[in-house]
Amino acid sequence: MELSQLRSFLAVTESQNFTRASERLNLSQPSLSQQIINLERELGQKLFHRLGRKAVLTEAGNAFLPRARNIIRNVDDASRELSDQAGLGRRIAVGAVQTVMPYLVSDLIIRCRSSHPHLTIDAHEGFRTDLVRAVLEGTLDLAVVPLPVKDNQLAIEPLLSEPLLLTVGRGHPFARRTEIDATAIAGETFVGLGDSSALAAQVRTFFGDRQLEPRIGIRCTQVATLKRFVAAGLGISLLPQLARHEEDRESLVYLRLSGAEPRRELVVIRHLQRYQTRGAEEFLALLREHVRTRFPETKPDTTG
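Residues numbered from 1 in each chain as written. Predicted model: local features only at pLDDT ≥ 70, side-chain atom pairs only at ≥ 80, totals over all residues. Heavy atoms only, no water.

**Quick notes on the overall build of the chain**
For clarity, the cut-off: The way it works is that DSSP assigns letters per residue, a run of H or I at least four long becomes a helix, a run of E at least two long becomes a strand, and they are numbered from the N terminus. Whether a residue is buried, partly exposed or exposed follows from its accessible area with a 1.4 Å probe, protein chains only, as a fraction of its type maximum: under 20%, in between, or over 50%, in that order. Only heavy atoms enter the contact rule, under which two residues are in contact if any of them lie within 4.5 Å. Residue exposure ignores everything except the shown protein chains as possible cover, and the areas themselves are Shrake-Rupley values with a 1.4 Å probe.
Looking only at helices and strands, the chain has 9 helices and 12 strands in total. When its C-alpha atoms are laid out on the principal axes, the chain stretches across 70 × 50 × 35 Å. Taken over 304 residues, the chain has a buried fraction of 46%. Within the chain, residue pairs in contact and separated by at least 24 positions form 75% of the contacts whose partners lie at least 6 positions apart. Roughly 15,800 Å² of accessible area belongs to the chain as shown, and the carbon and sulfur atoms make up 49% of that amount.

**Some words on the environment of R256**
Mapped onto the fold, R256 is located in strand β11 (residues 252–258). C-alpha of R256 to C-alpha of R177: the two residues are 79 residues apart in sequence and 9.5 Å apart in space.

**A word on the packing of aromatic side chains**
Using the following cut-off: Here a Phe, Tyr or Trp ring, Trp counted by its six-membered ring, pairs with any other such ring whose centre lies within 6.5 Å, and the pair is stacked when the planes are under 30 degrees apart, edge-to-face when over 60, and tilted otherwise.
Inspection of the entire model under this criterion finds 5 aromatic pairs. Centroid distance F206 to F207: 5.3 Å. Interplanar angle 75°. Geometry classified as edge-to-face.

**Side note on the nonpolar core**
As a rule of thumb, soluble globular proteins bury nonpolar side chains together. Selection rule: Nonpolar core, defined: a set of buried Ala, Val, Leu, Ile, Met, Phe, Trp, Tyr and Cys residues in which side-chain atoms within 4.5 Å join the residues together.
Core analysis: the biggest nonpolar cluster contains 71 residues, and L104, V105, V144, L166, I185, I269 and F283 have the highest contact counts within it. If you look at the next biggest cluster of nonpolar residues, it comprises 18 residues, including F9, A21, F48 and F64.

**Describing the packing of helix α5 (residues 101–115) against helix α9 (residues 278–294)**
Heads up, the condition is: Orientation is described by axes fitted as lines to C-alpha atoms, over the contacting stretch for helices, and by angles from 0 to 180 degrees between their N-to-C directions. For any helix crossing, the convention is left-handed if the near helix is rotated counterclockwise from the far helix by under a right angle, and right-handed if that rotation is clockwise.
Remark: α5 packs on α9, axes separated minimally by 10 Å, with the N-to-C direction vectors making an angle of 115°. α5 and α9 meet at a crossing whose hand is right-handed. Between α5, through Y103, L104, V105, D107, L108, I109, R111 and C112, and α9, the contact on the second element is made entirely by F283, L286, L287, H290, V291 and R294.

**Concerning unusual backbone geometry**
Across the junction of L147 and P148, the peptide omega takes the value 5°, indicating a cis bond. You will see that Q16, though not glycine, has its phi angle at about 55°, which is positive. By secondary structure assignment, the location of Q16 is in the loop between α1 (3–15) and α2 (18–25). Of note, the phi angle at N26 is positive, near 60°, even though the residue is not glycine. Residue placement: N26 occurs in the loop between α2 and α3 (29–43).

**Describing helix α8 (residues 223–231)**
Quick reminder of the rule: It is the directions from the helix axis to the C-beta atoms that the arc portrays.
Among all positions in α8, only V223, L226, K227 and V230 are buried. For α8, the buried positions fall inside an angular range of 100° around the axis, keeping them on one side. For α8, the exposed residues lying more than 90 degrees away from the buried face are A224 and R228. Of the surrounding elements, those touching the buried residues of α8 are α5, β6 (154–169), β8 (189–193), β9 (215–220), β10 (237–240) and β11. A positive phi of about 85° marks G233, the residue just after α8.

**Observations concerning the packing of α1 against α2**
What counts, and what does not: Angle categories are assigned with fixed cut-offs, so that under 35 degrees is roughly parallel, over 145 is roughly antiparallel, 65 to 115 is roughly perpendicular, and the rest are oblique. Classification used: nonpolar for Ala, Val, Leu, Ile, Met, Phe, Trp, Tyr, Cys and Pro, charged for Asp, Glu, Lys and Arg, polar for all others including Gly.
At a closest axis distance of 8 Å, the pairing of α1 and α2 adopts a crossing angle of 130°. Here α1 lies oblique to α2, going by the angle between them. Pair α1 / α2 crosses with right-handed handedness. For the pair α1 and α2, the contacting residues are R7, S8, A11, V12, E14 and S15 in the first and F18, R20, A21, R24 and L25 in the second. A breakdown of the residues in the contact of α1 with α2 according to their chemical character gives 5 nonpolar, 2 polar and 4 charged.

**Comments concerning the side chain of T277**
The condition is simple: Under the rule applied, a polar contact is a pair of N or O atoms within 3.5 Å (in protein, one hydrogen donor and one hydrogen acceptor; residues adjacent in sequence only if both atoms are side-chain atoms).
Along the polypeptide, T277 turns up in the loop between β12 (263–271) and α9. The buried category is assigned to T277, whose relative accessible area is 9%. A distance of 3.1 Å separates the side chain of T277 from the backbone nitrogen of A280, its partner in a polar contact.

**Describing the pattern of salt bridges**
Quick reminder of the rule: A pairing counts as a salt bridge when a side-chain nitrogen of Lys or Arg comes within 4 Å of a carboxyl oxygen of Asp or Glu.
Scanning all chains against the criterion turns up 14 salt bridges. In this structure, R50 and E40 form a salt bridge, with 3.2 Å as the shortest nitrogen-oxygen distance. Taken as a pair, R50 in strand β1 (residues 48–51) and E40 in helix α3 lie far apart in primary sequence, 10 residues in all. We classify E40 as buried; its relative accessible area is 5%. With a closest N to O distance of 2.8 Å, D248 and K227 form a salt bridge. With D248 in the loop between β10 and β11 and K227 in helix α8, this residue pair connects regions lying 21 residues apart in the sequence.

**Regarding the side chain of T13**
For T13, the position within the fold is in helix α1. A polar contact of 2.8 Å, which involves the side chain of T13, links it to the backbone oxygen of F9. Non-local contacts of T13, meaning those with residues more than four positions away in its chain, are made with F48, L57 and L65.

**Thoughts on helix α7 (residues 198–208)**
Those residues of α7 not exposed but buried are A198, L199, A200, Q202, V203, F206 and F207. The residue sitting at the N-terminus of α7 and contributing the capping side-chain oxygen is S197; that oxygen lies 3.1 Å from the backbone nitrogen of L199.

The values are spatial; any link to function lies outside them.
Listed below in structure tokens is the structure:
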């Protein structure tokens, strides 16, 4: 049994498709298929049902999956630990959701370029579910995501708590106010992020708890695009406080919602069983200090 066979097995499992798995591994599809055939022959069991273009684990494949993951994790951890001890270059991979990376993590990465040149940082921006999966699979050392996150394989550290603010264009009637009740905005047209966004899910929950149904006029995938639509008067939105920038003053107004103010809790997630390199520990310490000094008002909620 070879490590390349196990990596191929995991790639097909996670992609549920041989073509996507071969692209991920930079292998030709025939080579990948042969890796799986050889592994199945050695184990004496079929690992996948081939359902058209979809590859689904058999009962034997499901039984083999946790052991394959453990083997690859142990090998990768050994390699990382040896590199750490040898004092080789510290390369880490960090992730954050779209409403955090440009407003919190990217600033720290830019500062590290000059203050910690020995750290090579791979930055990944994505949806919460994708980042959680990447931490579990070991392709990310850590990620900053909003709650809820529930997985007993993860270490979850509170980072900061912040309000969601009503965001309107300068020409909107609400722009003359300093705060507004949630019921007053129920009839407005909203600009929202796509349904895969954790922020979109939180906004839906906030209104659903109040038996309100926001009318979504436009959906987009980037906060910068959302802000442009709101500034143009095409709708209003809810954005986390982190997304408020000085350059927004000319075009946007941010208001607090009175009563039960929506908030989000940001956490850092890491794998409990994976080896944590000195580079990852160093970056996490810098991130904690960055939040404490730049955002002192956004203390994490540790009561839960």
